[in-house]
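# Commentary on secondary and tertiary structure
This is what each chain is made of:
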Amino acid sequence: MSLTLRYMQLPDIQQVAAIDKTCFQPPWSRDSYAFEIKESRVSHMVVLDRPVEPPIAPARARQNGWLSNLGEKLRGNGRALNRRGNIIGYGGLWKIEGEAHVSTIATHPDFRGNGYGEILLAGMFGKALRLNAEFIVLEVRVSNAVAQGLYQKYGFSRCGRKRNYYRNNNEDAWDMRVKLDRETRRQFAGLYDDLLDRHELRDAYSWKARPRR
Ligand SMILES: CC(C)(COP(=O)(O)OP(=O)(O)OC[C@H]1O[C@@H](n2cnc3c(N)ncnc32)[C@H](O)[C@@H]1OP(=O)(O)O)[C@@H](O)C(=O)NCCC(=O)NCCS
């Protein structure tokens, strides 16, 4: 599947907010996304998208009959897939002084475990390097082993525990960070090359300047 990493745009908000709702409690409001895209001077929002498969032509659908149409829907192809949209995941990075802060990251629940979360994190990592950050930092729920595994793969380590950080259930957060020193950059270059070998990926985010609004 060919994939594109690119800056998030206003028309993406509907799909992004739909994914957010399935991932986070509470989700961000649509206005928050609009602010990050249009107003914030420190924010670099990213989406991972794929080409949408064309819907089945009406004539062909009639020819195949309702049974084949149902088959397409059950397999998740054709129109059923189109309804899910083309955005597979998204993320956000704030660059404030020497620190780049991962504000959010999520993969659509139907697409997890395929390396797409890693592509998003790698895209933000590359963006932090381009912006000359010294560290990348983030918070993660102590119960979120999957996300922690992803961050550890990219060299993040736990550097503190924030008590009752999450308002919905008072769960603690791990404060995680990675220093962007020479060795981390070297390891990142290897991981990024490996991602490009595994995926048909066009990166129009990490090395591009933020579009003017
Ligand atoms: C965290 C999240 C973005 C990972 O995305 P993903 O597309 O499923 O992850 P990937 O397939 O790219 O996997 C990347 C790494 O994550 C870890 N990982 C992924 N699935 C895992 C699982 N089921 N169990 C343990 N670790 C897992 C591994 O370290 C994996 O690297 P590997 O493939 O070399 O083992 C995704 O699970 C998600 O959207 N979760 C809900 C939102 C969320 O929790 N965001 C993080 C907020 S801090």
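Let me begin by describing the structure that accompanies this report. (Residues numbered from 1 in each chain as written. Predicted model: local features only at pLDDT ≥ 70, side-chain atom pairs only at ≥ 80, totals over all residues. Heavy atoms only, no water.)

### Overview of the site of the ligand
Around the ligand sit 21 residues, and of these Thr107, Gly115, Gly117, Asn144 and Lys153 come closest. Within the backbone of Gly113, one N or O atom sits 3.0 Å away from an oxygen atom of the ligand. At 2.8 Å from an oxygen atom of the ligand is found a main-chain nitrogen or oxygen belonging to Gly115. Burial of the ligand by the protein amounts to 69% of the accessible area it has alone, namely 930 Å². For the shell around the ligand, the secondary structure elements donating two or more residues are strand 4 (99-107), helix 5 (116-130), strand 5 (135-141) and helix 6 (145-153). Among the elements that line the shell around the ligand, the one with the most residues is helix 6, at six residues. Residue classes in the shell around the ligand are distributed as 10 nonpolar, seven polar and four charged. (Near = heavy atom within 4 Å. Polar contact = N/O pair within 3.5 Å; in protein donor to acceptor, adjacent residues only side chain to side chain. Areas by Shrake-Rupley, 256 points an atom, 1.4 Å probe, with all protein chains shown as cover. Helix = DSSP H or I, 4+ residues; strand = E, 2+ residues; numbered from the N terminus. Nonpolar A, V, L, I, M, F, W, Y, C, P; charged D, E, K, R; others polar.)

### Re the environment of Ala128
The residue Ala128 is located in helix 5 in this model. Judged by relative accessible area, which is 0%, Ala128 ranks as buried. Each C-alpha atom, one on Ala128 and one on Leu93, is 8.0 Å from the other, the two residues being 35 residues apart in sequence. If sequence neighbours within four positions are ignored, Ala128 has contacts with Leu93, Ala100, Ala133, Ile136 and Leu180. (Buried < 20%, exposed > 50% of the residue type's maximum accessible area, 1.4 Å probe, protein only. Contact = heavy atoms within 4.5 Å.)

### Some thoughts on helix 1 (residues 13-23)
Restricting attention to buried positions, one finds in helix 1 the residues Ile13, Val16, Ala17, Ile19 and Asp20. Buried positions in helix 1, seen along its axis, are confined to an arc of 160° and lie on one side of it. With respect to the buried face of helix 1, the exposed residues turned more than 90 degrees away are Gln14, Lys21 and Thr22. (Arc of directions from axis to C-beta.)

### Re helix 6
The set of residues buried in helix 6 consists of Ala147, Gln148, Leu150 and Tyr151. One side of helix 6 carries all its buried residues, which in axial view fall inside an arc of 160°. Those residues of helix 6 that are exposed and angled more than 90 degrees off the buried face are Ala145 and Val146. Lining the buried residues of helix 6 we find strand 4, helix 5, strand 5, strand 6 (157-162) and strand 7 (173-179). Positive phi appears at Gly155, one or two residues downstream of helix 6, with a value of about 90°.

### Brief notes about the sheet that holds strand 5
Note: strands within a sheet are paired through backbone hydrogen bonds, in either parallel or antiparallel orientation. Within the open sheet, the eight strands sit side by side as 6-7-5-4-3-2-1-8. Their pairing is mixed. With one partner strand each, in any of the chains shown, strand 6 and strand 8 (200-204) form the two edges of the open sheet. Recorded for the sheet is a direction-independent mean angle of 20° between the axes of neighbouring strands. Inspection of the sheet shows strand 4 paired to strand 5 by three bridges, in the parallel sense. Its bridge partner being in strand 5, Glu99 is matched across the sheet by Phe135. Along the sheet face, helix 5 touches strand 1 (2-7), strand 2 (43-49), strand 3 (87-96), strand 4, strand 5, strand 7 and strand 8 and points at about 160° away from the line of strand 4. In the packing of helix 6 onto the sheet, the strands contacted are strand 4, strand 5, strand 6 and strand 7, and the crossing angle to strand 5 comes to about 165°. (Pairing = 2+ DSSP bridges. Axes fitted to C-alpha atoms, helices over the stretch in contact; angles between N-to-C directions.)

From the geometry alone we can't say anything about function, so treat these as descriptive.
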